[in-house]
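The primary structure of each chain is shown beneath.
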Amino acid sequence: MNNVTAATAPAFADLHLLTVLAETRSYTQAARRLGISKASVSGRIAELERVAGVPLVRRTTRSVGLTQAGQQLVDETRGAFERIAQSFDGIRDLAGSPRGLLRVSAPVALGRQHVAPILPAFLRQYPEIRLDLDLSDRFVNLAQEGFDVAIRHTQAPPETHVAWQLCPSRSLLVASPEYLRRHGTPRHPSELAQHACLAYLRQGGHQAWSFERGTGRKAERVVVNVEGPFRANNSEVLRDAVLAASGIALLPDFSAAAHLGPRQLVPLLAEWRPLGFFGDAIYAIRPWSPQVPRAVQCLVEHLRQSLKGGFAVS
């Protein structure tokens, strides 16, 4: 006999909210994902706990986690909600024009210089799609933070995600003519140890640049420790510092290409290839799912067509 009554039956929306909270580990992020207030999230979780009769969420001053009961409930219901979402996306795609909100993450420099300028044409082509573009140089957790697509400059996209290569990319070693007049032009990577090198700021204080010349067994590799007066975690900022004659920098081609020339940025050590610093391709990635929403497919195709030529470097 079914003893569940209206007073004791959980609201399906509240169960879904719990799965979102399990992914985001944050009341604020869950509220943002679902388009509701943080107070509403708290109140609905409290009501779900009242109906369940046991605590489901473990709150601390720094994070939100699930109790064993909460985790069990999420594990047993998450798959159903994922299937519902996929089914709804499939039905919505049958309606004709792609529609809905797409949340997109991209690195700051790449996003400002090359992604944002090509989005207006996409929005004109698909007027029922809305875009949120979040520019950040940190690696966002797509599932946890609710992003549909991330644009990444990488060598190897994660195997747990769907990835589309948008275009090739490479790193360039550059300096300004003024800097080279004052300090000389390095002829070998080892000489960079004697120059002011403007490094991309990453975790850990040690900075080393690697270079390769030739291919196969005859390839020559050099690793050089570099130092300089300035570091930054944004390639546009580093490029501007190089233009101001502050030093030598490794830059991704998408930040350097438009400024190459005898009066701006001069490429150095042309026969040497920088290794493992920036990625060798631009990708669009999203968490794996058996079905990719049509709006995402349309966006990826637009990005591929717009960026297929890469970033022209003479």
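Relevant structure appears above.
This write-up is about the structure you can find in this document. Please read these numbers as outputs of a predicted model, since none were measured by experiment.

### Quick look at the sheet that holds strand 15 (residues 281-287)
Strands sit in the order 4-3-5-15-6 across an open sheet of 5 strands; the sheet is mixed. Across the chains shown, the open sheet's two edge strands, defined by having one partner strand only, are strand 4 (129-135) and strand 6 (161-168). For this sheet the average axis-to-axis angle between neighbouring strands, irrespective of direction, equals 25°. Across 2 bridges, strand 3 (residues 100-106) lies against strand 5 (residues 149-154) in parallel orientation. Among the inter-strand pairings, Ser105 is bridged to a residue of strand 5, identified as Ala150. The strands touched by helix 5 (residues 108-115) within the sheet are strand 3, strand 4, strand 5 and strand 15, with strand 4 carrying the most contacts at an inclination of about 135°. Contacting strand 3, strand 4, strand 5, strand 6 and strand 15, helix 11 (residues 294-307) runs over the sheet at an angle of about 20° to strand 6.

### Digging into the layout of surface pockets
Take a probe with the size of a water molecule and roll it over the atoms, and the empty space left behind shows itself. Approximately 510 Å³ is the volume attributed to the second largest pocket. Forming the walls of the second largest pocket are 23 residues, and the residues nearest its centre are Asp137, Phe139, His153, Tyr200 and Arg202. Listing elements by their share of the lining of the second largest pocket, those giving two or more residues are helix 5 and strand 5. With 3 residues, the top contributor of residues to the lining of the second largest pocket is strand 5.

### Describing the packing of helix 1 (residues 12-24) against helix 3 (residues 38-52)
Where helix 1 contacts helix 3, the two axes come as close as 10 Å, and the packing angle between them is 115°. Taken as axis vectors, helix 1 and helix 3 run roughly perpendicular relative to one another. For the element pair helix 1 and helix 3, the recorded crossing hand is left-handed. Contacts between helix 1 and helix 3 pair Ala13, Asp14, Leu15, Leu17, Leu18 and Leu21 from the former with Val41, Arg44, Ile45 and Leu48 from the latter. Taken together, the residues that form the contact of helix 1 with helix 3 break down as 8 nonpolar, no polar and 2 charged.

### A short note on the sheet that holds strand 12 (residues 248-252)
In space, the 5 strands of this open sheet follow the order 11-8-12-7-13, with mixed pairing throughout. Whereas interior strands pair on both sides, the edge strands pair on one side only; in this sheet they are strand 11 (231-232) and strand 13 (266-267). Bridge count for strand 7 (residues 171-175) against strand 12 is 4 bridges, and the pairing is antiparallel. If you follow Leu173 over to strand 12, its bridge partner there is Leu250. On top of the sheet, helix 9 (residues 235-243) reaches strand 7, strand 8 (197-200), strand 11 and strand 12; it is set at about 175° to strand 8, its chief contact.

### A few points about helix 3
Over its 15 residues, helix 3 runs 21 Å from end to end, which matches the ideal 21 Å to within 8%, given 1.5 Å per residue. Along helix 3, the positions that sit buried rather than exposed are Val41, Ile45, Leu48 and Glu49. Seen along its axis, helix 3 keeps its buried residues to an arc of 100°; they face one direction. Exposed residues on helix 3 whose side chains face more than 90 degrees from its buried face are Ala39 and Arg50. Looking at the packing, one finds that the buried side of helix 3 touches helix 1, helix 2 (27-34) and strand 1 (57-59). Count one or two residues on from helix 3 and you reach Gly53, which has phi positive near 85°.

### Overview of the environment of Asp75
Within the secondary structure, Asp75 sits in helix 4 (residues 68-93). Residues Asp75 and Thr19 lie 56 residues apart in sequence; the distance between their C-alpha atoms is 8.4 Å.

### Observations concerning unusual backbone geometry
At Arg25, a position not held by glycine, the phi torsion is positive, near 55°. Note that Arg25 resides in the loop between helix 1 and helix 2. Positive phi, close to 70°, is recorded for Ala245, a residue that is not glycine. The residue Ala245 is located in the loop between helix 9 and strand 12 in this model.

### As for the pattern of salt bridges
Counted under the stated rule, the structure contains 13 salt bridges. For Glu49, the salt bridge is made with Arg59, and the minimal N-O distance between the two is 3.5 Å. Linking Glu49 in helix 3 with Arg59 in strand 1, this pair joins segments that are 10 residues apart in sequence. With a shortest N-O distance of 3.4 Å, Asp240 and Arg239 are connected by a salt bridge. Using a relative accessible area of 9% as the deciding quantity, one classes Arg239 as buried.

What counts, and where the lines are drawn
- Residues numbered from 1 in each chain as written.
- Predicted model: local features only at pLDDT ≥ 70, side-chain atom pairs only at ≥ 80, totals over all residues.
- Heavy atoms only, no water.
- Pairing = 2+ DSSP bridges.
- Helix = DSSP H or I, 4+ residues; strand = E, 2+ residues; numbered from the N terminus.
- Axes fitted to C-alpha atoms, helices over the stretch in contact; angles between N-to-C directions.
- Contact = heavy atoms within 4.5 Å.
- 1 Å grid on protein atoms, 1.4 Å probe; cavity = no way out; pocket = protein on both sides within 12 Å on 5 of 7 lines; lining within 4 Å.
- Points joined across faces, edges and corners; volume = space filled by probe spheres on them.
- Parallel < 35°, antiparallel > 145°, perpendicular 65-115°, else oblique.
- Left-handed = near helix turned anticlockwise from the far one by under 90°.
- Nonpolar A, V, L, I, M, F, W, Y, C, P; charged D, E, K, R; others polar.
- Expected span 1.5 Å × (residues − 1).
- Buried < 20%, exposed > 50% of the residue type's maximum accessible area, 1.4 Å probe, protein only.
- Arc of directions from axis to C-beta.
- Salt bridge = Lys/Arg side-chain N within 4 Å of Asp/Glu carboxyl O.

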